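Descriptive analysis of the structure
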Amino acid sequence: MMVTALQWLHGKPVASGAIKLTAEDFIVREDLGFSPEGEGEHLMVYVRKKGCNTLFVADQLARFVGISPRSVSYAGLKDRQAVTEQWFCLHLPGKEDPDFSQFSLAGCEILLVKRQKRKLRIGSLKGNDFELTIRHISDQQAVETRLQQIRTFGVANYFGEQRFGRAGNNLVQAERWAKGEIEVKQRNKRSFYLSAVRSVIFNFIVSERMLNNKVRQVMDGDVMQLTGSGSWFVAKSEELSQLQRRLQAGEIQITAPLYGEKELGTQSEAKLFEQQCLTHFSVLLPLLEAERTNLVRRAIIVVPSNMHWKWLEQQTLRLSFSLPKGSFATSVIRELINQSTENIIDIAE
């Protein structure tokens, strides 16, 4: 195993601080980007929860209304050690709305119930709004400077540590699976392990671009994404100067792969660079290919929107911002303050 630390977009933070000293220090509100229609066979339930993970709450809602847990869906998983608000979708065709005044679960409160025609699926959201309190900040001016940099230039769009499980266990189990040491039959575990592998590869490629001063530089053959859109195109050598200006203006973004069985999409210099990065994952790549995961591209930088902050006192900061779906608030915090636990990734050789 080779161990490497991920790079920082603005350099390693000099100020230290503490997050999540209480659940209320980390507040997340889901933004679907749409409102339930008010009719249909799916019942949308908006829940505020504390100290409960998404899967547990989904199971408890299923038990309360008397349906299979598989008939409860959600747009994404949310932290347990936080105060989070998110939608759950219960499939109740031909049934009356349950009386949720009788639903009781410690740490949970139902805020809104509304019908919808369509099932809520994983990823069916616009993003999340965050309100964080960071305490015991060692250097207020350094953090103030870094906040300005993040608001203007963003942060590396790394997958957060929670994607890899406690102590990176999802990656450990994925490697054992890839080596044939274990069988993984449970669908949710298979999904978690494969997701962890794809995420660690993405993080490594982004970090290597930083190390090579290529994170803000369009390479010949890069796959570029239109900002705020899923549309993408390949950078041609004769267009590099123009594309560089568009990148600096925020119109387009450089992407890296979430590895799968399809072609990388990159060409020329960019393809060679990504292929070289992938050589570090020779044990894990065949697993992704055998499981027929679908290759997709993801922006390597994310710029928080609606970013505001205020100092409650000299060492305490209240910070709010929004991120698009799939981006992690912990990656913003990692760029802001130096925490005791660094984001370390193990690479299977």
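Heads up: these notes are all about the structure in this document. (Residues numbered from 1 in each chain as written. Predicted model: local features only at pLDDT ≥ 70, side-chain atom pairs only at ≥ 80, totals over all residues. Heavy atoms only, no water.)

1. Some remarks on the overall build of the protein chain
Of regular secondary structure, the protein chain possesses eight helices and 16 strands. Since a compact globule built from 349 residues should have a radius of gyration of about 20 Å, the 21 Å found for the protein chain is in line with a globular shape. Each of the three principal axes of the protein chain carries a C-alpha extent, and together these read 60 × 55 × 40 Å. The burial tally for the protein chain puts 49% of its 349 residues in the buried class. A separation threshold of at least 6 residues defines the contact pool for the protein chain, and within that pool the share at least 24 residues apart is 80%. With an accessible surface of roughly 17100 Å², the protein chain has 46% of that area assigned to carbon and sulfur atoms. (Helix = DSSP H or I, 4+ residues; strand = E, 2+ residues; numbered from the N terminus. Rg over C-alpha atoms; globule rule 2.2 N^0.38 Å. Buried < 20%, exposed > 50% of the residue type's maximum accessible area, 1.4 Å probe, protein only. Contact = heavy atoms within 4.5 Å. Areas by Shrake-Rupley, 256 points an atom, 1.4 Å probe, with all protein chains shown as cover.)

2. Notes on the pattern of salt bridges
Side chains carrying opposite charge are able to pair once their charged atoms draw close together. Taken as a whole and judged by the stated rule, the model has 24 salt bridges. One salt bridge in this structure joins Glu85 and Arg48, with 3.0 Å as the shortest N-O distance. With Glu85 in strand S5 (residues 83-91) and Arg48 in strand S3 (residues 42-50), this residue pair connects regions lying 37 residues apart in the sequence. Glu85 sits in the buried class, given a relative accessible area of 7%. Two residues, Glu181 and Arg176, come together in a salt bridge whose shortest N-O distance is 3.6 Å. (Salt bridge = Lys/Arg side-chain N within 4 Å of Asp/Glu carboxyl O.)

3. Details of the sheet that holds strand S12 (residues 296-299)
Strand order in this open sheet of four strands is S10-S9-S11-S12, and the pairing throughout is antiparallel. Where the open sheet ends on each side, the last strands, each with one partner, are strand S10 (232-234) and S12. Between one strand axis and the next, the sheet turns by 45 degrees as a mean value, whatever way the strands run. Along the sheet, helix H5 (residues 240-248) makes contact with strand S9 (223-226), S10 and strand S11 (252-258), crossing S11 at roughly 95 degrees. (Pairing = 2+ DSSP bridges. Axes fitted to C-alpha atoms, helices over the stretch in contact; angles between N-to-C directions.)

4. Focus: unusual backbone geometry
At Lys20, a residue that is not glycine, the phi angle is positive and equals roughly 60 degrees. Structurally, Lys20 can be placed in the loop between strand S1 (2-5) and strand S2 (26-31). In this structure, Arg292 takes a positive phi of about 60 degrees despite not being glycine. Relative to the helices and strands, Arg292 is located in the loop between helix H7 (285-290) and S12. The exposed category is assigned to Arg292, whose relative accessible area is 60%.

5. Focus: the environment of Lys214
With respect to the helices and strands, Lys214 occurs in the loop between helix H4 (187-211) and S9. Sequence-wise, Lys214 and Leu243 are 29 residues apart; in three dimensions their C-alpha atoms are separated by 14 Å. Ignoring anything within four residues of it in the chain, the contact list for Lys214 reads Arg209, Met219, Ile254 and Glu269.

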